[in-house]
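Topology and contacts: notes
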Amino acid sequence: MNKGRIYKVALLLVAALLFCGASQVQSRLNHDRSTLGLTVLPPLKNAPPMLAFTTVALGGFRGLIANALWIRATDMQQDDKYFEMVQLSDWITALEPHFTQVWTMQAWNMAYNISVKFKDPEDRWHWLERGIVLLRDHGIQLNPDSPLLYRELSWLFQHKMGQNLDDAHMLYKLRWAQEMQKVIGPPPNTNWMPELENPKTAAEKARAAELRDVYKMDPAIMEKVDEEYGPFDWRLPDAHAVYWAELYRQHTHMNKEDTDSLRRSIFQSLRGDCFRGGALAPSVTNVTERNFMLWPNLGLVPKINSAYEEMISEQPNSNFQNAHKNFLKEAIPLLFINNQVAQATFWFNYLKQTYTNAFVGRQQNISLQDFVVATVADDNEGTDMDRVNANLVGMYRSEFLCLVSDNDDEAQHYKQLADIVYDHYEKKIGPTSEQRLNLKPRGEIQQRALEQLLDPRAGLLDDYNRDYLRTKLGLKKPSGPETPAPSAAPAPASAPAAA
C-alpha cells in the first residue's frame, strides 16, 4: 500500500474519531446554548415532516432566505399586493416557523386586507376564517409559548368578528354561531360543558372530538373561563376572545407586559360582551339569519366589576380606575332601561360612593332617572349602532312589561321613546352605504323583545303573566306544553338579583 493511500485512510479514521467525540458533547452544547440564550433557531416540535425536513436541510441558510423573503413581503404590503403576500408568507413560515411576527402579519393580511377586497360577505367570511385557522391550527401549535399569537387570535374574535367595523360583521357572527351551535348544542341544554369534558354517548364523543381536534378548545378550560368571567353564550365571538387570552394566562408564566396586554384583551372583550351583544335570546335554538339578533349580556356586570376591583387592588392606576368608572356609567343606564331597576340603583349608589368625581360636568346630586335620560340622549346623538340597538331592545322590553302591569300609558311612553330614538338614528346616519351601521327594522327588534319575554326558558315572566301579555296583545296561546325555564344561577351577594 502506497503512502498516499495510507494517508487517506488515516484521515478518514481521524474524521470518524472526531465525529464520535463531537456527538458525545453535542447534547451538552445544545443545553448550554439554550441556557445562555445563544440558540436563535430552536428545534421544531410538532412540525409536519416536510416543514421539519426543510428547516433542517437548509441549515443556517434558511435564515438568509427568510430575511430576503421578508423584505420582499414588506415591499408587497406597501404596494397593496396582499394576495401575493400569502404565498411569500407561507414560504417564510416554512423556513422560520418560530418567527411569530410572520404568522400574525399573514393572519392580519387575510382577515383585514384581503377580505375587504371582496363584496360578497361570504367571501369575506372565508378569508377571516382562514386567518383564524392559520393562528389557531398552525402558528400556536408550533409556538405554544408565544403570547403574541394568543393575543392576535383573541383580537380577531374581539375586533374583526365581534365589533361592527366591517359591513359583513353580522354575517361573521352568524356563521360562527352556526358552527359553534353544532358543537355545543342549542339551548336549553346548559350541561354541555360536562358532557363534552366526559362524553358518554357516541354523539357526545363526536362533538367533544370536534371541539378539541377542529377548534382546538378544551371544555374543562372553557368551564373555568365561564365560571370566572361568564356566563357566556359560547356561540358568540367575545366568549372565544376571552378564552384564547385566558388560555395563555393559565398555562404559562408571563412577564408584566404580557400579563397587562392579555388582561386588556379580556376586559375589552368582556365590555363588548356585556354591552354590544354577548347573548342570543333563549328562543334561538336554531340560529338563522332571521332570528339572529344580539342582546346585551347584563348578567356579566357583577363579574366585570369584581375583575376591575381585583386589578385595581393589584395595580393602583388612574387609567384602570377611569376604565372602571366608565364601565359603570355605561352599565347603569342599560340596566335601568331593561327594567332591572334594583340592579341599576345598586350600581348607581356604588358608583357615587366609589368615585366622587363620577359626574363631573353634570349636577353632582343628579338622580338615577335623570342620569339615564341624559345618557340615552348622549347615545342618540352619536352613531354607535351597538349602543342604540341595546337601548332599543331595553325600551321595547320595558314597553311590554308595563303592559303586563296594566301601566298602558307608561308602555306607550316607552314605545314612543323607542320610535324617536330609532328615527333619529336613521336620520343621523342617512342613506349611508356603510351597511355595518344599519339597524334591523324596528318591527323585528320589537318582535324579538316580545319573543324573549314570552319564552319560558328566559324566565322573565311566569305562566300567568305570559298568558296575560298574550291576551293584551291579542295573541293566541301556543298549543302543547311550554319548555320550562332553567334554574337560574345565584346572584352575587353584594348586588340585588336581576329582574
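Refer to the structure printed above.
Residues numbered from 1 in each chain as written. Predicted model: local features only at pLDDT ≥ 70, side-chain atom pairs only at ≥ 80, totals over all residues. Heavy atoms only, no water.

1. Brief notes about helix H12 (residues 237-251)
- With 15 residues, H12 should cover 21 Å at 1.5 Å per step; its first-to-last C-alpha distance of 22 Å lies within 8% of that length.
- Counted residue by residue, H12 has 12 buried out of 15 residues, so it is predominantly covered.
- What H12 keeps buried is the set Pro 237, Asp 238, Ala 239, His 240, Ala 241, Val 242, Tyr 243, Trp 244, Ala 245, Glu 246, Leu 247 and Tyr 248. (Helix = DSSP H or I, 4+ residues; strand = E, 2+ residues; numbered from the N terminus. Expected span 1.5 Å × (residues − 1). Buried < 20%, exposed > 50% of the residue type's maximum accessible area, 1.4 Å probe, protein only.)

2. Remarks on the packing of helix H15 (residues 318-337) against helix H18 (residues 385-404)
- Direction vectors running N to C along H15 and H18 enclose 30°, while the axes themselves pass 8 Å from each other. Judged by the angle between their axes, H15 and H18 are roughly parallel. Every residue of H18 that contacts H15 at Glu 330, Leu 334 and Ile 337 is listed here: Arg 387, Ala 390, Asn 391, Gly 394, Met 395 and Ser 398.
- Of the residues that constitute the contact of H15 with H18, the class distribution is 4 nonpolar, 3 polar and 2 charged. (Axes fitted to C-alpha atoms, helices over the stretch in contact; angles between N-to-C directions. Parallel < 35°, antiparallel > 145°, perpendicular 65-115°, else oblique. Contact = heavy atoms within 4.5 Å. Nonpolar A, V, L, I, M, F, W, Y, C, P; charged D, E, K, R; others polar.)

3. Brief notes about the side chain of His 324
- When you line up the elements, His 324 lands in helix H15.
- The exposure class assigned to His 324 is buried, which follows from its relative accessible area of 1%.

4. Some thoughts on the environment of Lys 477
- Inspection of the secondary structure assignment puts Lys 477 in the segment after helix H21 (463-473).
- Separated by 10 residues in the primary sequence, Lys 477 and Asp 467 have C-alpha atoms spaced 6.9 Å apart.
- Contacts of Lys 477, omitting those with residues within four sequence positions, involve Asp 467 and Arg 470.

5. Side note on the packing of H15 against helix H16 (residues 341-354)
- Running from N to C, H15 and H16 cross one another at 155°; their axes reach a closest spacing of 8 Å. Looking at the two axes, H15 sits roughly antiparallel to H16. Of the two possible hands of crossing, H15 and H16 adopt the one that is left-handed. Residues His 324, Lys 325, Leu 328, Lys 329, Ile 332, Leu 335 and Phe 336 of H15 touch H16, and the partners they reach there are Val 341, Gln 343, Ala 344, Trp 347, Phe 348, Tyr 350 and Leu 351. (Left-handed = near helix turned anticlockwise from the far one by under 90°.)

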